[in-house]
Amino acid sequence: MKKTKNSEHTFWNTFNQYKSLLRELTRKNLKLKYRDSVLGIFWSFVQPLLNMAVLSVVFSSILGKRGNIACYPVYLFTGRLLFEFFTTSTKAALLSFRANAPIIKKVYVPKYIYPLSSILSTFVNLAISLLCFVCVWIFFRLTGISGGDSLTVSGYALLFFIPLLLLLIFTTGVGLILSVFQVYFRDIKYIWDVFCTLLFYAVPIIYSIDTITSKWTRMLIEINPIYHIMELFRQCVYYGKPMDLDLLLGASAWAFGTLLLGVFIFNKKSDDLIFHM
């Protein structure tokens, strides 16, 4: 027990010592992403809007009506927003050691700072994209286009931060695992790209789960942690109803379990990473 407390004390002391560096690396990642862009960070607002517009035009007449989805563009936006954060941040975390290898070899810094800063910088983009979502929601609600008049304002929308926090925790765990695997097995980058493409169609982003008639297919979707978190977010901001307790418990178990696994793998291999870069 005493050893555990000392380890926790050391961790928090180290984190406090390097939190300024974490903040600076997060800021640097944001600047590098939009360095040669005219619009800069404003793309965090424009990009999800353009994606929603294109996907809505392509799929709304097919999948929107089939699943009886009210205001398909807003439904699509809620799923795409969270999925884009997960894929973008995990890919950034995956490459974080390779991108910072020259610094890691010369200066001692807690190595978790690098994947964590990559994830946090993407989370800032998500926060900006949420402003875009609010504008889109208001637009469809006021105009009534695509069934927007069926959208309802509910106090449950104020709980939106809970699924977002769970998503951040889950993504951090996945990001830590991938960042370690990438050092030892460089092909993981390409495998993860393919996996993310498959995942896009394996969770109800562009379709409703009610359209799935196969029992086994539906079961596979429902055990997916991304589905749990996405559905919780939609219950808050799209359906305007309280979060399902089973989904909340499932999402929490996935999030914290993955984080613990990521920390365990990272701690076990972090001292050897520098010899494989």
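Residues numbered from 1 in each chain as written. Predicted model: local features only at pLDDT ≥ 70, side-chain atom pairs only at ≥ 80, totals over all residues. Heavy atoms only, no water.

Caption draft 1: Representation of the nonpolar core within the structure. Membership of the largest hydrophobic core comes to 58 residues, with the highest contact counts inside it found for Val74, Phe86, Ile205 and Ile226. When contributions to this core are tallied by element, the ones reaching two or more residues are helix H2 (43–66), helix H3 (72–94), helix H6 (113–143), helix H7 (161–184), helix H8 (188–202), helix H10 (225–237) and helix H11 (245–269). The greatest single-element share of this core, amounting to 12 residues, is contributed by H3. Not counting chain neighbours up to four residues away, the residues in contact with Phe86 comprise Leu167, Phe170, Thr171, Val174, Trp192, Leu199 and Ile226. Judged by nonpolar contacts, the second largest core, of 15 residues, contains Leu25, Leu176, Val180 and Val183. (Core = buried A, V, L, I, M, F, W, Y, C linked by side-chain atoms within 4.5 Å. Buried < 20%, exposed > 50% of the residue type's maximum accessible area, 1.4 Å probe, protein only. Helix = DSSP H or I, 4+ residues; strand = E, 2+ residues; numbered from the N terminus. Contact = heavy atoms within 4.5 Å.)

Caption draft 2: Broad picture of H3. A rise of 1.5 Å per residue sets the reference length of H3, with its 23 residues, at 33 Å; its end C-alpha atoms lie 33 Å apart and thus fit the reference within 8%. Within H3, 18 of the 23 residues are buried, which leaves the element mostly enclosed by the surrounding structure. (Expected span 1.5 Å × (residues − 1).)

Caption draft 3: Layout of the environment of Phe133. For Phe133, the position within the fold is in helix H6. Of the residues examined, Phe133 reaches a relative accessible area of 6% and is grouped as buried. With 56 residues separating them along the chain, Phe133 and Phe77 place their C-alpha atoms 7.1 Å apart.

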